[in-house]
Amino acid sequence: MLEATLTIRPAKGEDLKDIMAVLDAARGIMRASGNMDQWTGGYPSEEVVLNDIRLGNGYAVLQGQQIVAYFAFIASPEPTYAKIYQGQWLEDTLPYHVVHRIGSYPQVRGVFKTIMDWCFARDNNIRIDTHRDNHIMQHVILKYGFRYCGIIYLASGDERLAYQKLHNMQ
């Protein structure tokens, strides 16, 4: 089956309903794969997504005219990345971007690669984190060439596995 081309554009306020449907589907993928503790308590909320959009950090991934995925692409510094435990960042002096809140419909293929190719066209230094139980995300992160760096803690105190990739590193 031929994959339809995916395109990325800045998300808009009027996309909110479609974005929330995508994030609900992504939450369903997490639950079906045994990840019961990530994206709980209504996170990411409409408020979080609207804040991403307001700050120019929210992006919609489209297949044709349909929004099939969402992510936030945020310039450093990321406060929760200031301290890393049981490891270290590959490089900790240069500016970087963080990718947060990646979600997609389960039937759409190539989303992670499309997002990362787009991100690396804009910055050579990308960091990302995920929940210990999110084995799907860990797999695609490593498959794309990120390296595991250690553990970070969110403002809530929740643990996340942290990764970094410098575009010129393999």
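In this report, the structure presented in the accompanying data block is examined.

Parameters and conventions
- Residues numbered from 1 in each chain as written.
- Predicted model: local features only at pLDDT ≥ 70, side-chain atom pairs only at ≥ 80, totals over all residues.
- Heavy atoms only, no water.
- Helix = DSSP H or I, 4+ residues; strand = E, 2+ residues; numbered from the N terminus.
- Buried < 20%, exposed > 50% of the residue type's maximum accessible area, 1.4 Å probe, protein only.
- 1 Å grid on protein atoms, 1.4 Å probe; cavity = no way out; pocket = protein on both sides within 12 Å on 5 of 7 lines; lining within 4 Å.
- Points joined across faces, edges and corners; volume = space filled by probe spheres on them.
- Nonpolar A, V, L, I, M, F, W, Y, C, P; charged D, E, K, R; others polar.
- Axes fitted to C-alpha atoms, helices over the stretch in contact; angles between N-to-C directions.
- Parallel < 35°, antiparallel > 145°, perpendicular 65-115°, else oblique.
- Left-handed = near helix turned anticlockwise from the far one by under 90°.
- Contact = heavy atoms within 4.5 Å.
- Phe/Tyr/Trp six-rings, centres within 6.5 Å; stacked < 30°, edge-to-face > 60°.
- Lys NZ or Arg CZ within 6 Å of the ring centre and 35° of its normal.

For the bond from Tyr 43 to Pro 44, the omega torsion is -10°, close enough to zero to count as cis. When you line up the elements, Pro 44 lands in the loop between helix H1 (16-32) and helix H2 (46-54). Of note, the bond from Ser 76 into Pro 77 is cis; its omega dihedral lies within 30 degrees of zero at 5°. Relative to the helices and strands, Pro 77 is located in the loop between strand E3 (66-75) and strand E4 (97-104). Residue Gln 86 is not a glycine yet carries a positive backbone phi of 55°. Structurally, Gln 86 is set in the loop between E3 and E4. On the basis of relative accessible area, Gln 86 is assigned to the exposed category, the value being 67%.

With that settled, the discussion passes to the layout of surface pockets. Approximately 1200 Å³ is the volume attributed to the largest pocket. Forming the walls of the largest pocket are 46 residues, and the residues nearest its centre are Trp 39, Arg 101, Ile 102, Gly 103 and Met 137. Grouping the amino acids of the lining of the largest pocket by side-chain chemistry returns 22 nonpolar, 13 polar and 11 charged.

Orientation of H1 relative to H2, taken along the N-to-C sense of each, is 120°, at an axis distance of 11 Å. Comparing the axis directions of H1 and H2 gives the class oblique. Between H1 and H2 lies a crossing whose hand is right-handed. Counted together, Leu 16, Ile 19, Met 20 and Leu 23 of H1 and Glu 46, Val 49, Leu 50 and Ile 53 of H2 form the full contact between these two elements. Residues belonging to the contact of H1 with H2 are distributed by class as follows: 7 nonpolar, no polar and 1 charged.

Another aspect to go through is the side chain of Arg 101. Tracing the chain through its elements places Arg 101 in strand E4. Apart from residues lying up to four places away in sequence, Arg 101 is in contact with Leu 23, Trp 39, Tyr 43, Pro 44, Val 48, Asp 52, Tyr 70, Phe 71, Ala 72 and Ile 74.

Counted under the stated rule, the structure contains 12 aromatic pairs. Taking the centre distance of 5.0 Å and the plane angle of 40° together, the rings of Tyr 81 and Trp 89 count as tilted. Residue Trp 89 is classed as buried on the basis of its relative accessible area of 5%. An angle of 40° between the planes, with centres 6.2 Å apart, marks the rings of Tyr 144 and Phe 146 as tilted. For the pair formed by Tyr 144 and Phe 146, the shared burial category is buried. Through pairs of rings, three or more aromatic residues link up here, namely Tyr 59, Phe 71, Phe 73 and Trp 118. Note that Arg 127 overlies the ring of Tyr 96, its terminal NZ or CZ placed 3.9 Å from the centroid. Directly above the aromatic system of Phe 120 lies the positively charged group of Lys 165, at a separation of 5.4 Å from the ring centroid.

Everything listed here is a matter of geometry and, on its own, says nothing about what the molecule does.
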